[in-house]
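Breakdown of the fold
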Amino acid sequence: MLSIIYADVDEIIDAIKTVIVEAIDLKITTWVAESSDQPQNEIEVAKPGNRIYTRINFVSGDIENEIGSKFTDSGPYKEIREFHLTQVKDGREIIHKNIESVEKLYGFFMEIVKHRKKSEL
């Protein structure tokens, strides 16, 4: 029975590690969809140049931005840039809070493992 509990805790810890590794990159894309004859259930893909795209790597600190010509000062969607910047700011805050929560959860499970190992001795 005890080995089953350890296996469950190990699986949870592995899942938490995976979440932390996958939370390294934040990617935000803002674009205006063109009206089309495409069926409603099919997702249109934002094309480079017709989007604002930001990628932030939380480990290296690298930030990549792409701003399509439609979103420049002379473009028809220049007001949407501020919306995108707000999304980036909010996204960074959400990711940081989520990482903190996952770290706390990981620490909690590590304490359970330590406690169980001590009680076996």
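Above this text you will find the structure in question.
Everything in this summary refers to the structure shown in the same document. (Residues numbered from 1 in each chain as written. Predicted model: local features only at pLDDT ≥ 70, side-chain atom pairs only at ≥ 80, totals over all residues. Heavy atoms only, no water.)

Here we look at the overall build of the protein chain
Condition: By definition, any uninterrupted DSSP run of H or I lasting at least four residues is a helix, any uninterrupted run of E lasting at least two residues is a strand, and each is numbered from the N terminus. A 1.4 Å probe rolled over the protein chains alone gives each residue an accessible area, and that area as a share of the maximum for its type sets the label: buried under 20%, exposed over 50%, partly exposed in between. The contact criterion used throughout is that any non-hydrogen atoms of two residues lie within 4.5 Å. Residue exposure ignores everything except the shown protein chains as possible cover, and the areas themselves are Shrake-Rupley values with a 1.4 Å probe.
Looking only at helices and strands, the protein chain features two helices and three strands. Each of the 121 residues in the protein chain was classed as buried or not, and the buried ones make up 22%. Of the contacts formed within the protein chain by residues at least 6 apart in sequence, a portion of 59% connects residues at least 24 apart. With an accessible surface of roughly 9,000 Å², the protein chain has 56% of that area assigned to carbon and sulfur atoms.

Description of the pairing of strand S3 (residues 63–67)
Spelled out, the test is: Two strands form a pair only when DSSP identifies at least two bridges running between them.
Direction of pairing for strand S2 (residues 51–57) relative to S3: antiparallel, over a ladder of five bridges. Paired with Thr54 across the two strands is Asn65, which belongs to S3. In sequence, S2 turns back onto S3 through a hairpin of five residues, with Gly61 there showing a positive phi of about 85 degrees.

With respect to the sheet that holds strand S1 (residues 25–31)
This is how the line gets drawn: For every element, the axis is a line fit to its C-alpha atoms; helices are fit only across the contacting stretch, and the angle between N-to-C directions ranges from 0 to 180 degrees.
Overall, antiparallel pairing links the three strands, which are arranged S1-S2-S3 in an open sheet. Where the open sheet ends on each side, the last strands, each with one partner, are S1 and S3. The mean angle between the axes of side-by-side strands here comes to 5 degrees, regardless of whether they run parallel or antiparallel.

With respect to the pattern of salt bridges
Proximity of charged atoms lets side chains of opposite charge pair with each other. The condition that has to hold: One speaks of a salt bridge when a side-chain nitrogen belonging to Lys or Arg is within 4 Å of a carboxyl oxygen belonging to Asp or Glu.
Tallied over the full model, the rule gives five salt bridges. Of the charged contacts, one joins Arg55 and Asp25 as a salt bridge, the two residues approaching to 3.1 Å between their closest N and O atoms. Within this pair, whereas Arg55 is found in strand S2, its partner Asp25 is found in strand S1, the two being separated by 30 residues in sequence. Arg55 gets classed as buried once you look at its relative accessible area, which sits at 17%. Among the ionic pairs, Glu111 bridges to Lys114, the shortest N-O distance being 3.8 Å. In this pair, Glu111 and Lys114 are both assigned in helix H2 (residues 80–120), three residues apart and thus about one turn of the helix distant. Residue classification places Glu111 among the partly exposed positions, given a relative accessible area of 47%. With relative accessibility at 47%, the residue Lys114 sits in the partly exposed group. What emerges from the salt-bridge pattern is a single network uniting Asp25, Arg55 and Glu64.

Quick look at the packing of aromatic side chains
Two numbers describe a pair of aromatic rings. These are the distance of the centres and the angle of the planes. Spelled out, the test is: Put simply, two rings from Phe, Tyr or Trp (the six-membered ring, in Trp's case) pair if the centres are within 6.5 Å, and we call them stacked under 30 degrees between planes, edge-to-face over 60, tilted for the rest. Any Lys NZ or Arg CZ that is within 6 Å of a ring centre and within 35 degrees of that ring's normal is treated as a charge sitting over the ring.
Applying the stated criterion across every chain yields a total of one aromatic pair. On the basis of an interplanar angle of 40 degrees and a centroid distance of 5.9 Å, the ring pair of Phe71 and Tyr77 is categorised as tilted. Its relative accessible area of 0% is what places Phe71 among the buried residues. The positively charged end of Arg51 is found above the aromatic ring belonging to Tyr53, 5.2 Å away from the centroid.

Scope: geometric values only; no functional claims are made or implied.
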